Amino acid sequence: MTFYDELHRYDGLHFESAFDRITDDDISRILAKNRLSPLDFLALLSPRAAFHLESMAQRAHELTVRRFGRAIQLFTPLYLSNYCTNQCVYCGFNVKNLLERRKLTLEEVDAEGREIAASGLRHILILTGESHTQSPASYIADCAKVLKRHFASIAIEVYPLSQEDYEGLIASGVDGLTLFQEVYDEPVYLELHPKGPKRDFRFRLEAPDRAGRAGMRQLNIGALLGLDDWHREAFFTGIHADYLQRVYPDAEVAISVPRMRPHLGGFPPRVTVSDADLAQYIAAFRLFMPRAGVTLSTREAAALRENLLPLGVTKISAGVCTQVGGRATGQDDTGQFEISDDRSVAEVAHMLSQKGYQPVYKDWQYL
């Protein structure tokens with residue numbers, strides 16, 4: 001059994017009907033519970049629950065401080081390659097988009113790593129487009145071996161791999177996986193991915209399972225908000241995270257909550273996800289999964305990121321560059337998307353300290 005089977009347990013769930021039945025008393029009752037069911041989580045994502053956002057936020061803050069203290073882990077992404085064979089309509093790396101394609105040499109990877117490590121960061125996320133020719137698993141493994149010189153923890157956000165490939169990457173120094181399903185509604189998913197290997201919905205959906213079986217220490221998932229109804233996508237992301245935490249108890253499970261950003265190609269969001277919607281999602285998830293992490297990226301503006309911190313956020317990016325080799329190598333290519341918060345690592349760390357949080361540069365050592 002994988003999450004693909006778990007997902008289909010909810011085929012008969014009608015969100016609108018379920019939301020119509022939820023009352024204010026239901027929300028108050030759920031907020032008083034110590035442990036929430038999946039249907040409780042669904043209720044907290046409902047339009048009715050939006051009227052209780054302040055109470056949800058206070059409860060989420062209490063749970064976060066109890067479980068995580070006031071520590072916020074810092075990390076940054078490193079783009080290794082923008083070669084891609086997919087035609088995802090919402091992505092700047094779409095194979096049809098006209099941009100300079102390149103990948104870093106191992107010497108450039110080392111230089112980028114040294115530049116990032118100089119900021120104090122010891123956690124890094126490495127990314128590629130999906131090109132099995134230009135960026136095979138062996139290339140990613142070689143890059144990880146180089147980056148082990150500079151970082152205590154290396155996570156990957158690359159195309160879905162086999163369990164054997166994940167095992168090989170773990171042996172090379174990788175300890176975390178970030179992989180966004182993008183959209184959990186399969187017909188919508190197929191529409192948004194007309195061609196390319198990413199069109200295989202099930203292979204992507206089951207990738208965290210394969211990584212979990214391989215022994216990956218961190219499993220981070222998410223949906224790209226704006227591609228479909230956010231209530232549905234938030235619900236299935238939470239259900240997926242809950243499944244992973246139950247089936248792979250040795251792994252640290254987390255979600256990311258990315259909203260669509262401007263990118264080369266200009267595909268607009270299909271659905272508007274407001275700041276209040278995002279806050280409701282994060283608070284509801286924290287109440288549903290008190291032990292799971294929540295990652296907030298620089299897709300969001302600085303002020304909003306600061307306001308969302310108390311609701312359950314445990315990890316944020318800083319000093320971000322979405323270009324391939326945009327630091328030490330001096331490249332100024334088109335990035336995957338535009339960021340909203342361009343503050344340096346030092347500036348973000350200072351903000352956290354000013355707000356009473358502890359910026360954490362390292363909390364894990366890969367031996």
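Structure shown above.
Residues numbered from 1 in each chain as written. Predicted model: local features only at pLDDT ≥ 70, side-chain atom pairs only at ≥ 80, totals over all residues. Heavy atoms only, no water.

A. Representation of the overall build of the protein chain within the structure. When its secondary structure is counted, the protein chain shows 15 helices and nine strands. Compactness check: the protein chain gives a C-alpha radius of gyration of 20 Å against a globular reference of 21 Å for 367 residues, within 12% of the reference. If you line up the protein chain on its principal axes, its C-alpha atoms span 60 × 45 × 35 Å. Counting all 367 residues of the protein chain, 59% fall into the buried class. Summed over all atoms, the accessible surface of the protein chain reaches about 14,800 Å², with 49% contributed by carbon and sulfur. (Helix = DSSP H or I, 4+ residues; strand = E, 2+ residues; numbered from the N terminus. Rg over C-alpha atoms; globule rule 2.2 N^0.38 Å. Buried < 20%, exposed > 50% of the residue type's maximum accessible area, 1.4 Å probe, protein only. Areas by Shrake-Rupley, 256 points an atom, 1.4 Å probe, with all protein chains shown as cover.)

B. Molecular detail of the pattern of salt bridges. The tally for this structure, following the rule as stated, stands at 23 salt bridges. E62 is the salt-bridge partner of R59, the closest N and O atoms lying 3.9 Å from each other. Placement of both R59 and E62 in helix α5 (residues 53-68) is noted, with a separation of three residues, approximately one turn of the helix. Of the charged contacts in the structure, one is a salt bridge between D341 and R305, with a shortest N-O distance of 3.0 Å. In this pair, D341 sits in the loop between β8 (315-317) and α15 (345-354) while R305 sits in helix α14 (residues 302-308), placing the two residues 36 residues apart along the sequence. Residues D341 and R305 agree in their burial class; the two are buried. Among the charged side chains, a salt-bridge network with shared partners connects R305, E306, D341, R343 and K355. (Salt bridge = Lys/Arg side-chain N within 4 Å of Asp/Glu carboxyl O.)

C. Region of interest: empty space enclosed by the protein. The full count for this structure, using the stated rule, is one cavity of 30 Å³ or more. Space inside the largest cavity adds up to approximately 60 Å³. Going through the elements one at a time, α5 and β1 (71-81) are the ones with two or more residues in the lining of the largest cavity. Looking at which element gives the most residues to the lining of the largest cavity, the answer is α5, with four residues. (1 Å grid on protein atoms, 1.4 Å probe; cavity = no way out; pocket = protein on both sides within 12 Å on 5 of 7 lines; lining within 4 Å. Points joined across faces, edges and corners; volume = space filled by probe spheres on them.)

D. Looking closely at the layout of surface pockets. As a volume, the second largest pocket reaches approximately 330 Å³. If you trace the second largest pocket, you find 18 residues lining it, with R35, L36, D242, Q245 and F288 closest to the centre. Counting residues per element, the lining of the second largest pocket draws most heavily on helix α12 (residues 230-247), at four residues. Looking at the lining of the second largest pocket residue by residue, the classes come out as eight nonpolar, three polar and seven charged. (Nonpolar A, V, L, I, M, F, W, Y, C, P; charged D, E, K, R; others polar.)

E. Main features of the pairing of strand β3 (residues 153-157). For β3, a buried count of four out of five residues is recorded, marking the element as mostly surrounded by other parts of the structure. Where strand β2 (residues 123-128) meets β3, five bridges bridge the pair, whose relative direction is parallel. Across the sheet, residue L125 finds its bridge partner in β3, namely A155. With helix α7 (residues 137-147) bridging β2 and its parallel neighbour β3, the resulting β-α-β unit is right-handed. Here β3 runs beside strand β4 (residues 174-182); their pairing, made up of three bridges, is parallel. Considered in β4, the bridge of A155 is made with G176. (Pairing = 2+ DSSP bridges. Right-handed = clockwise from strand over helix to strand, strands pointing away.)

F. Layout of the pairing of β1. The buried count for β1 comes to ten of eleven residues, which makes it a mostly enclosed element. Pairing geometry for β1 and strand β9 (residues 358-360), over three bridges, is parallel. For A71, the partnering residue across the bridge sits in β9 and is Q358. When β1 meets β8, the two strands line up parallel, connected through three bridges. When the sheet's bridge partners are listed, F75 is paired in β8 with S317. Taken together, the five bridges between β1 and β2 define a ladder with parallel strand orientation. If you follow P77 over to β2, its bridge partner there is L125. Traced from β1 through helix α6 (residues 106-117) to β2, the parallel crossover comes out right-handed.

G. Summary view of the packing of α12 against helix α13 (residues 275-288). It is the contact of α12 with α13, at a shortest axis distance of 11 Å, that shows an interaxial angle of 25 degrees. Taken together, the axes of α12 and α13 are roughly parallel relative to one another. α12 and α13 meet at a crossing whose hand is right-handed. Contact residues: W230, A234, T237, G238, I239, A241 and D242 in α12; D277, Q280, Y281, F285 and F288 in α13. (Axes fitted to C-alpha atoms, helices over the stretch in contact; angles between N-to-C directions. Parallel < 35°, antiparallel > 145°, perpendicular 65-115°, else oblique. Left-handed = near helix turned anticlockwise from the far one by under 90°. Contact = heavy atoms within 4.5 Å.)

H. Molecular detail of unusual backbone geometry. In this model, E182 sits at a positive phi of 75 degrees, which is unusual for a non-glycine residue. Relative to the helices and strands, E182 resides in strand β4. Judged by its relative accessible area of 8%, E182 is buried.

I. The packing of aromatic side chains, seen in detail. Under the defined criterion, the tally for this structure stands at 13 aromatic pairs. Ring centres 5.3 Å apart and planes at 65 degrees place the aromatic pair F235 and F236 in the edge-to-face group. The structure contains a cluster of three or more aromatic residues connected by ring pairs, namely F3, Y10, F15, F19, F41, Y184, F235, F236, Y243 and F288. Directly above the aromatic system of Y139 lies the positively charged group of K103, at a separation of 4.5 Å from the ring centroid. (Phe/Tyr/Trp six-rings, centres within 6.5 Å; stacked < 30°, edge-to-face > 60°. Lys NZ or Arg CZ within 6 Å of the ring centre and 35° of its normal.)

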